[in-house]
Amino acid sequence: MVLTPILSLITPISSLVWVAIICLVYGIAAIAIGRITIGVYVSLLVSLMFAADIPLASSEYLLSMTRDIGPSIWFAHIPLFGFLGMLYFQDKKQFLHITKEEIFLGAFIIWTIFAAAITDPVRLDAPIYFALFILWGGLIFAAVRRAHRILPISGRTTMSIIFTAVLANALFALTEILHGDSYGLTTLGELSPEYTDQIAGIIVGPITLPVGTFVSGFSGMSFILASIIILVAPFSLSLLFEHSPYIKLAGVLSTLILVVVLRFTASDAARGGLLLAIGIIFAYIIVMWLRDNRTIDHRTLVIILTMAILCTGIVLFPSTMSGTPGEQSIQQGPETPEEQHTQKDTTESNSPVDESEVSVPLFDLSNLGPRLQQYTIGVSLFTEQPIFGIGGGNFAEISQEYNLHEQKPIHNVYISLLAETGIIGFILYTGFLVTVLRRGVQGMTAAADTIPLQLVILAGVIGYLGFMFWDHLLFNSIVGSFTFYAVCATLVSRKQDNNNLRLSRESRTGSQSP
């Protein structure tokens, strides 16, 4: 994530060649020190962050699908299947143990295919590839879950790796902000310059910095990067409770970088999701302090409150589009596959249409009208076919029949579940989500002087699911969904070796956590 983009930009050698060279060196090092399985696990978690694939169909066919749904081999597939094979031969009994979450996901995949076969949707291949997309996410969940059972890996280790990889994406995105566009490293997952869009600007003194879809890192698009930032931002905040001043400082700097980059992604829905995630953490800390003010010393409390104010201020900092009212109609859809690709990657950009009187200070509501139209039509489709739905991934195909000229999925995963997979599909998938959240809450035990790691992960997951009330990335973004399933598997992990993060009592006493 560091050497490949730098070497790709300063040398004439292509990025994929550098990927092969660096992975070869990494593999040799893992073999030399005898840590092959864990080395593959680390490579799996890092490769989740790259929206880079080998297409198995024509570009026209892939563009006709929704984002990352379709026949492709992604970077993460390579270590995923290798890692699953290693775990199987290492402990077959643990590997073959199926969890309740996996039963829900498996039943949802089967139902999606069965419902499509029954209803004969407008496009039959869309539900098949949609089910395959969910299968890949389920395999990520299964791999991470089994890694915590079979290998000497704790939940905190997994979150540290995911956090580091997301932070690396954010740092690269920070250079994109200063550069004013993407660098064209599309083979690594960066959004192509021809599809980037500057949506607004943020004025800082005499400087106006661009806000737009090009702030993507290697995730494929800015809103995808925003989604994975939401997942790890609470973990970054948790570093403030470590006894080491260097780790505290790293927590402050990394949190500020993540929040700043998210603000420049142009996703107002992601801003709300981030506020929800970090708000859960701060609320928990305040409740702890009110219950027992000896738990947190005044120095730590000052740091917490300062970070709360800084993060909130950055997230709410206005852009040139802030206060834009909602729209009443939708612009005409794209006519060519290239324009369609551009439109589906800029789902929150403004369009020249009539405005309503609905506006919220500091937020851009220019796409509120089209979203509400999608929701209304989605609910209507559900009432027409409440059992089987219209077929996974089919909303974009039939949207033109309802005067929605842009072929886009519903920007709400919950209404999308109802409309496309019916009430049974909705129950099965939300059953997976509820089970994950319930297990996370059940495992959230902490002593008087600790903050549970599972609280940190739970806050990120809830913030992400809040964001998905206004977006669809969980069902069509490789980076967004793969990272989400990996974090969910960590949340339900019962191996919590030293996972609780010490609060400032240790810094006062000078003690070290075991």
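This structure is a prediction, so every number in the text was calculated from the model and none was measured. (Residues numbered from 1 in each chain as written. Predicted model: local features only at pLDDT ≥ 70, side-chain atom pairs only at ≥ 80, totals over all residues. Heavy atoms only, no water.)

**Student:** An account of the overall build of the protein is requested, with residue identities and associated values reported.
**Tutor:** Secondary structure summary: the protein contains 20 helices and 6 strands in total. Considering the protein as a whole, with its 514 residues, one finds that 57% of them fall into the buried category. Partitioning the contacts of the protein with sequence separation of at least 6, the portion at a separation of at least 24 is 77%. When the accessible surface of the protein is split by element, carbon and sulfur atoms take 66% of a total near 20500 Å². (Helix = DSSP H or I, 4+ residues; strand = E, 2+ residues; numbered from the N terminus. Buried < 20%, exposed > 50% of the residue type's maximum accessible area, 1.4 Å probe, protein only. Contact = heavy atoms within 4.5 Å. Areas by Shrake-Rupley, 256 points an atom, 1.4 Å probe, with all protein chains shown as cover.)

**Student:** Quick one: what's the story with the packing of aromatic side chains, residue by residue and with numbers?
**Tutor:** A full pass over the atoms with the stated rule returns 25 aromatic pairs. Ring geometry for Tyr 88 against Phe 95: centres 5.5 Å apart, planes inclined by 80°, an arrangement best described as edge-to-face. In this structure Tyr 88 comes out as partly exposed when scored by relative accessible area, which is 28%. By relative accessible area, which is 18% here, Phe 95 ends up buried. Ring centres of Trp 111 and Phe 114 lie 5.8 Å apart, and the angle between their planes is 45°; this geometry places the pair in the tilted category. Taken as a pair, Trp 111 and Phe 114 lie in helix α7 (residues 100-119) at a separation of 3 residues, close to a single helical turn. (Phe/Tyr/Trp six-rings, centres within 6.5 Å; stacked < 30°, edge-to-face > 60°.)

**Student:** Break down the nonpolar core for me, with residues and values.
**Tutor:** Membership of the largest hydrophobic core comes to 123 residues, with the highest contact counts inside it found for Tyr 429, Phe 484 and Tyr 485. Here this core gets 12 residues from one element, more than from any other, and that element is helix α10 (residues 222-238). Dropping the residues within four chain positions of it, Tyr 429 is found in contact with Leu 105, Phe 108, Leu 417, Leu 474, Phe 475 and Tyr 485. Grouped together as the second largest cluster of nonpolar side chains are 10 residues, Tyr 375, Leu 381, Ile 415 and Ala 419 included. (Core = buried A, V, L, I, M, F, W, Y, C linked by side-chain atoms within 4.5 Å.)

**Student:** Describe the confidence of the model for the protein, with residues and values.
**Tutor:** For the protein, per-residue confidence averages 84 on the pLDDT scale, and residues scoring 70 or more make up 85% of the total. Per-residue pLDDT, averaged within each element of the protein, yields its smallest value for helix α20 (residues 505-509) (37) and its largest for helix α19 (residues 478-491) (96). A low-confidence stretch, residues 328-356 stays under pLDDT 50, and its non-local contacts, those more than four residues away or across chains, total 85 contacts. In the model, residues 496-514 has pLDDT below 50 throughout and makes 53 contacts with residues more than four positions away in sequence or in other chains. (pLDDT = per-residue confidence, 0-100.)

**Student:** An account of a nonpolar patch on the surface is requested, with residue identities and associated values reported.
**Tutor:** Taken together, the side chains of Val 2, Leu 3, Ile 6, Leu 9 and Ile 10 define a hydrophobic patch exposed on the protein surface, amounting to about 490 Å² of accessible area. Following the sequence through the fold, Ile 10 ends up in helix α1 (residues 3-10). Note on Ile 10: relative accessible area 62%, which makes it exposed. (Patch = residues over 30% accessible without salt bridge, like charges linked within 9 Å, V, L, I, M, F, W, Y side chains within 5 Å. Salt bridge = Lys/Arg side-chain N within 4 Å of Asp/Glu carboxyl O.)

**Student:** Which residues make up the packing of α10 against helix α11 (residues 245-263), and what values do they have?
**Tutor:** At a minimum axis distance of 10 Å, the contact between α10 and α11 shows a crossing angle of 160°. The orientation of α10 with respect to α11, classified from their angle, is roughly antiparallel. Relative to α11, the crossing made by α10 is left-handed. Each of Leu 225, Ala 226, Ile 229, Ile 230, Val 232, Ala 233, Ser 236 and Leu 237 in α10 lies in contact with α11, whose residues at this interface are Gly 251, Ser 254, Thr 255, Leu 258, Val 261 and Leu 262. Here the contact of α10 with α11 is built from residues that sort into 10 nonpolar, 4 polar and no charged. (Axes fitted to C-alpha atoms, helices over the stretch in contact; angles between N-to-C directions. Parallel < 35°, antiparallel > 145°, perpendicular 65-115°, else oblique. Left-handed = near helix turned anticlockwise from the far one by under 90°. Nonpolar A, V, L, I, M, F, W, Y, C, P; charged D, E, K, R; others polar.)

**Student:** Before we move on, can you summarise the pattern of salt bridges with the specific residues and values?
**Tutor:** Tallied over the full model, the rule gives 6 salt bridges. The residue Arg 439 makes a salt bridge to Glu 101 at a minimum N-O spacing of 2.6 Å. Here Glu 101 lies in helix α7 and Arg 439 lies in helix α17 (residues 413-442), a separation of 338 residues in the sequence. Taken together, the shared-partner salt bridges connect Glu 101, Arg 145 and Arg 439 into one network.

**Student:** Got a sec to walk through the pairing of strand β4 (residues 207-212)? Specific residues and values, please.
**Tutor:** One ladder, built from 6 bridges, connects strand β3 (residues 198-204) with β4; its direction is antiparallel. Along β4, the bridge assignment pairs Ile 203 with Thr 208. Hairpin connection of β3 to β4: 2 residues between the antiparallel strands, including Gly 205 at a positive phi of 65°. (Pairing = 2+ DSSP bridges.)

**Student:** Help me get a handle on the environment of Ile 278, residues and values and all.
**Tutor:** Counting through the fold element by element, Ile 278 comes out in helix α12 (residues 268-291). Using a relative accessible area of 3% as the deciding quantity, one classes Ile 278 as buried. Put simply, Ile 278 and Gly 460 are 182 residues apart on the chain and 7.9 Å apart in space, counted from C-alpha to C-alpha. Residues in contact with Ile 278, not counting those within four places in the same chain, are Leu 237 and Cys 311.

**Student:** Would you mind going over unusual backbone geometry in detail, with residue names and values included?
**Tutor:** The phi dihedral of Arg 67 is positive, around 45°, even though this residue is not glycine. Looking at where Arg 67 falls in the secondary structure, it is placed in the loop between α4 (59-64) and β2 (72-74). Here Arg 67 falls in the buried class, since its relative accessible area comes to 12%. With phi around 75°, Ala 266 is a residue other than glycine that occupies positive phi space. With respect to the helices, strands and loops of the structure, Ala 266 is situated in the loop between α11 and α12. The class for Ala 266 is buried, based on a relative accessible area of 10%.

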